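Next come the chains, spelled out residue by residue.
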Amino acid sequence: MVSQYDINEIDNEIKTWLQELNLRMPSLIEEMQTDTKKNRFDLVTNVDKMIESDFESFINKHYPTHKLYSEEAHQATLNLKEGYTWVMDPIDGTANLVKQQDDYCVILALFVDGAPTLSYIYDVPRQILYHAQKGKGAFINNKRLATVTSLPLSEAIISFNNKVLNDETMHELLKASFGYRLIGACGLDSARVFTGQFGAHIHTNAKPWDIAAQFLFAEELGLEMTNFDKQPIDFVTGGPYIISNPGCHEEILDILLADGGYKKEQLRLKTDLK
Ligand code: NAP
Ligand code: CA
Ligand code: CA
């Protein structure tokens, strides 16, 4: 399909839309109301819903032929690999927003005929925008990010949710790596891998919106982004996800899958692991 839209123009419009969140966020937070979804840890707020519906209105107004596939309402779910499809997590790190008013972000990605074309992870509290454009590179607040230098696991800080790995796998990862940190927002944990601060971030059951933007950053920065069989991830379905510096990808997966794998004894936890 021939592109009908000027990608640079879309990029500028999206950046402006994201910038406007700076003005809106304080009053949205002031009026924040929290509900639970599947269980008491599964939070959603009116902030998540308002940001998503605001973006939906923006797309309908400026790009009425584009589809939107996003966390709260899902909107379009068919033919997502045809034409222009936006994938959105309106707030990634909702628990952080509710509990800390910190460490949350907006994730947005445009796929054109299934190919990652524009990507944004906006760290709202810090006003740090990570963005990428296909073929043009990846940027932090408009400053070009360098491709990462190779990092062995022994020198890498890694991040993963420690609720979802069995103790043995978790301890093997801790032993083999330089250290462990978790921000608690898949977009921001992944962004630390873009900048080379983290060696890898693992999510054992990522939803499409958790990882939508990361495809293009991985492509532009020479990072590995795969499932645990080292295969590409389908942006429509998500699933097990690792984004990694190329120097420690294989070593981490070897540990994750060793000796019965990370899922062994995982069900000792009563929390749902979906
Ligand atoms: P959290 O602080 O609520 O969230 C941490 C990150 O995981 C955020 O990016 C969040 O996105 C995402 N997330 C939250 N709930 C999720 C779910 N049910 N499935 C997939 N991703 C999810 O995390 P938590 O309090 O430690 O855990 C909350 C629940 O999420 C638990 O049931 C946990 O098992 C599950 N979770 C699983 C993994 C994994 O690697 N399998 C990782 C994180 C969380 P939003 O803020 O947009 O929800
Ligand atoms: Ca999320
Ligand atoms: Ca979310």
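Please read these numbers as outputs of a predicted model, since none were measured by experiment. (Residues numbered from 1 in each chain as written. Chains lettered and ligands numbered in written order. Predicted model: local features only at pLDDT ≥ 70, side-chain atom pairs only at ≥ 80, totals over all residues. Heavy atoms only, no water.)

Side note on the coordination of the calcium ion (ligand 2)
1) Next: Looking at the metal site, the calcium ion (ligand 2) is ligated by Asp-89 (OD), Asp-92 (OD) and Asp-210 (OD), spaced 2.1 to 2.4 Å from it.
2) Next: Each donor residue of the calcium ion (ligand 2) belongs to the same chain, and together they define the spacing D-x2-D-x117-D.
3) Next: The metal-metal distance between the calcium ion (ligand 2) and the calcium ion (ligand 3) is 3.8 Å, with Asp-89 coordinating both. For the pair formed by Asp-89 and Asp-92, the shared burial category is buried. (Donors = N, O, S within 2.8 Å, 3.2 Å for Na, K, Ca; no water. Buried < 20%, exposed > 50% of the residue type's maximum accessible area, 1.4 Å probe, protein only.)

Describing the packing of aromatic side chains
1) Next: Considering all chains together, one arrives at 14 aromatic pairs under this definition.
2) Next: Pairwise contacts between aromatic rings join Tyr-5, Trp-17, Phe-55, Phe-58, Tyr-63, Tyr-84 and Trp-86 into one cluster.
3) Next: Against the face of Phe-41 rests Lys-163, its NZ or CZ located 4.8 Å from the ring centre. (Phe/Tyr/Trp six-rings, centres within 6.5 Å; stacked < 30°, edge-to-face > 60°. Lys NZ or Arg CZ within 6 Å of the ring centre and 35° of its normal.)

Regarding the sheet that holds strand 12 (residues 200–206)
1) Next: An order of 11-10-12-14-13 is seen for the five strands of this open sheet, with the pairing classed as mixed. The open sheet has two edge strands with one neighbour each: strand 11 (179–180) and strand 13 (224–226).
2) Next: Relative to the sheet, helix 8 (residues 249–257) contacts strand 10 (157–160), strand 12, strand 13 and strand 14 (239–244), its axis offset from that of strand 14 by approximately 145 degrees. (Pairing = 2+ DSSP bridges. Helix = DSSP H or I, 4+ residues; strand = E, 2+ residues; numbered from the N terminus. Contact = heavy atoms within 4.5 Å. Axes fitted to C-alpha atoms, helices over the stretch in contact; angles between N-to-C directions.)

Comments concerning the pattern of salt bridges
1) Next: What the rule picks out here adds up to 11 salt bridges.
2) Next: The salt bridge involving Lys-15 is made with Asp-11; its shortest N-O contact spans 3.0 Å. Separated by four residues within a single helix, Lys-15 and Asp-11 lie in helix 1 (residues 7–30), roughly one turn from each other.
3) Next: Notably, a salt bridge pairs Asp-234 with Lys-81, separated by 2.9 Å at the nearest N-O pair. (Salt bridge = Lys/Arg side-chain N within 4 Å of Asp/Glu carboxyl O.)

Comments concerning the sheet that holds strand 4 (residues 84–92)
1) Next: Reading across the sheet, the seven strands line up as 3-4-5-6-7-8-9 and stay open at both edges, with mixed pairing between neighbours. This sheet does not close on itself; its edge strands, each paired only once, are strand 3 (67–70) and strand 9 (143–144).
2) Next: Pairing geometry for strand 5 (residues 105–112) and strand 6 (residues 115–123), over eight bridges, is antiparallel. Across the sheet, the residue bridging to Ala-109 is Ser-119, located in strand 6.
3) Next: Of the strands in this sheet, strand 5, strand 6, strand 7 (128–133) and strand 8 (137–140) touch helix 7 (residues 214–221), which is tilted by about 105 degrees from strand 6.

Overview of the coordination of the calcium ion (ligand 3)
1) Next: Taken together, Glu-71 (OE), Asp-89 (OD) and Ile-91 (O) make up the full set of protein donors to the calcium ion (ligand 3), lying 2.1 to 2.3 Å away.
2) Next: Sequence spacing of the donor residues for the calcium ion (ligand 3), all on one chain, is E-x17-D-x1-I.

Overview of the domain arrangement of the protein
1) Next: Domain boundaries in the protein define domain 1 (7–144) and domain 2 (153–273).
2) Next: Once you take the C-alpha centre of each, domain 1 and domain 2 turn out to be 22 Å apart.
3) Next: Contact residues are listed per partner, giving 41 residues for domain 1 and 26 residues for domain 2.
4) Next: Here domain 1 packs against domain 2, burying approximately 2600 Å² in sum over the two surfaces, 71% of which is carbon and sulfur.
5) Next: Taken together, the links from domain 1 to domain 2 amount to two salt bridges.
6) Next: Connecting domain 1 to domain 2 are 10 residue pairs in polar contact (both at pLDDT 80 or more).
7) Next: Every element with two or more residues in the side of domain 1 that touches domain 2 is listed here: strand 3, strand 4, strand 5, strand 6, strand 7 and strand 8. (Domains from an automatic or database assignment. Buried area = accessible area lost by both parts, 1.4 Å probe. Polar contact = N/O pair within 3.5 Å; in protein donor to acceptor, adjacent residues only side chain to side chain.)

Some remarks on the environment of Thr-237
1) Next: Along the chain, Thr-237 turns up in the loop between strand 13 and strand 14.
2) Next: Linking Thr-237 and Arg-192, residues 45 residues apart in sequence, is a C-alpha distance of 24 Å.
3) Next: Residue contacts for Thr-237: discarding those within four places in its chain leaves Ala-206 and Pro-208.

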